[in-house]
Amino acid sequence: MNEVIELIGSALWFILPAYFANAAPVILGGGPPLDGGRNFTDGRRIFGDGKTVRGFVAGLAAGTIIGLIQGIAKSQLSHYLALGFLLALGALLGDLLGSFIKRRMGIERGGAALGLDQLGFVVIALLLASPITLPGWQVIVTLLIITPPIHLATNFIGHKLKLKARPY
Ligand code: CTP
Ligand code: MG
């Protein structure tokens, strides 16, 4: 039991910048879309109106600030700063990739893609952070297990707080 709680604690500590990068755009996003309103070759939007320039910048800043705070707390500023930036960038690129795939599948903006919506950002965040730190497989498995319910729960709360149009 204690081992499980420790594992979840390590996993959350590691992935925190990615979580903040994923959540910040919901509050701070909006405005011009990243794809400039353009369509892909299939006639559908490249990313759609749910992926905005402001959301991307806000997410990158939020995740990097979390890395900065972690670095101050652990007296390892440059390490955590770089890690926070890469985890945040990965989370945002993973989220973008998810939207790109959804549009190609004909799923409109805001439509659900179970699995992709909850895990895409974490997988790409881990990938981008891996040159600096690749956590042990136990932590990676833990992240893949705990992230979908956490993502769904925070989105549900965001919906209740009227920050998000849909509850997932
Ligand atoms: N958001 C943003 N910029 C981003 C990512 C998200 O502005 N780069 C904001 C948008 O207001 C978006 C909200 O955060 O509606 C929730 O994000 P998400 O659920 O990822 O977007 P969806 O609207 O569901 O669009 P998609 O179907 O493309 O995932
Ligand atoms: Mg969504």
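One structure accompanies this document, and this report is about it. (Residues numbered from 1 in each chain as written. Chains lettered and ligands numbered in written order. Predicted model: local features only at pLDDT ≥ 70, side-chain atom pairs only at ≥ 80, totals over all residues. Heavy atoms only, no water.)

**What to know about unusual backbone geometry**
With a phi close to 50 degrees, Ser-75 is a non-glycine residue in the positive phi region. Its place among the elements puts Ser-75 in the loop between helix H2 (53-74) and helix H3 (77-104). Despite not being glycine, Lys-162 shows a phi value in the positive range, around 65 degrees. Along the chain, Lys-162 falls in the segment after helix H5 (137-160). With a relative accessible area of 75%, Lys-162 lands in the exposed category. (Helix = DSSP H or I, 4+ residues; strand = E, 2+ residues; numbered from the N terminus. Buried < 20%, exposed > 50% of the residue type's maximum accessible area, 1.4 Å probe, protein only.)

**Considering the side chain of Lys-102**
When you line up the elements, Lys-102 lands in helix H3. The exposure class assigned to Lys-102 is buried, which follows from its relative accessible area of 7%. Only 2.8 Å separates the side chain of Lys-102 from the backbone oxygen of Gly-111, close enough to count as a polar contact. If we skip the residues at most four places from it in the chain, Lys-102 touches Ile-107, Gly-111, Ala-113, Leu-116 and Asp-117. (Polar contact = N/O pair within 3.5 Å; in protein donor to acceptor, adjacent residues only side chain to side chain. Contact = heavy atoms within 4.5 Å.)

**Quick look at a nonpolar patch on the surface**
There is a patch of nonpolar side chains on the surface, built from Val-26, Ile-27, Leu-28, Ile-157, Leu-161 and Leu-163 and spanning about 560 Å² of accessible area. For the nonpolar patch, the element with the most residues is helix H1 (residues 2-28), which contributes three residues. With respect to the element layout, Leu-28 can be found in helix H1. We classify Leu-28 as partly exposed; its relative accessible area is 45%. (Patch = residues over 30% accessible without salt bridge, like charges linked within 9 Å, V, L, I, M, F, W, Y side chains within 5 Å. Areas by Shrake-Rupley, 256 points an atom, 1.4 Å probe, with all protein chains shown as cover. Salt bridge = Lys/Arg side-chain N within 4 Å of Asp/Glu carboxyl O.)

**Here we look at the site of ligand 1**
Not every one of the 18 residues close to ligand 1 is listed here, only the nearest: Lys-51, Thr-52, Ser-99, Arg-109 and Gly-110. One nitrogen or oxygen atom from the side chain of Ser-99 is found 2.6 Å from an oxygen atom belonging to ligand 1. Protein chains shield 85% of the accessible area of ligand 1, which is 570 Å² for the free molecule. Mapped onto the shell around ligand 1, the elements with two or more residues apiece are H1, H2 and H3. The leading source of residues in the shell around ligand 1 is H3, at four residues. In the shell around ligand 1, the residues fall into four nonpolar, seven polar and seven charged. (Near = heavy atom within 4 Å. Nonpolar A, V, L, I, M, F, W, Y, C, P; charged D, E, K, R; others polar.)

**Thoughts on the layout of surface pockets**
Here the largest pocket is characterised by a volume of approximately 1200 Å³. Taken together, the elements giving at least two residues each to the lining of the largest pocket come down to H1, H2, H3, helix H4 (116-129) and H5. Classifying every residue of the lining of the largest pocket gives 21 nonpolar, 18 polar and nine charged. (1 Å grid on protein atoms, 1.4 Å probe; cavity = no way out; pocket = protein on both sides within 12 Å on 5 of 7 lines; lining within 4 Å. Points joined across faces, edges and corners; volume = space filled by probe spheres on them.)

**What to know about the side chain of Arg-103**
Along the chain, Arg-103 turns up in helix H3. One buried charged residue, Arg-103, remains without a salt bridge, the closest side chain of opposite sign being Glu-108 at 6.5 Å. Here the side chain of Arg-103 touches Glu-108 through a polar contact of 3.1 Å, landing on its backbone oxygen. When near neighbours in sequence (up to four residues on either side) are disregarded, Arg-103 contacts Asp-42, Arg-44, Arg-45, Ile-46, Phe-47, Gly-48, Glu-108, Arg-109 and Gly-110. (Lys, Arg positive; Asp, Glu negative; His and termini not counted.)

**Some thoughts on the pattern of salt bridges**
Here the structure, examined in full by the defined rule, presents six salt bridges. One salt bridge connects Asp-35 with Arg-45, and the closest N-O pair in it is separated by 2.8 Å. Placement of the pair is Asp-35 in the loop between H1 and H2 and Arg-45 in the loop between H1 and H2, with a sequence separation of 10 residues. Taking the relative accessible area as the measure of exposure, Asp-35 reaches 2% and is therefore buried.

Just geometry here; none of it tells us what the structure is for.
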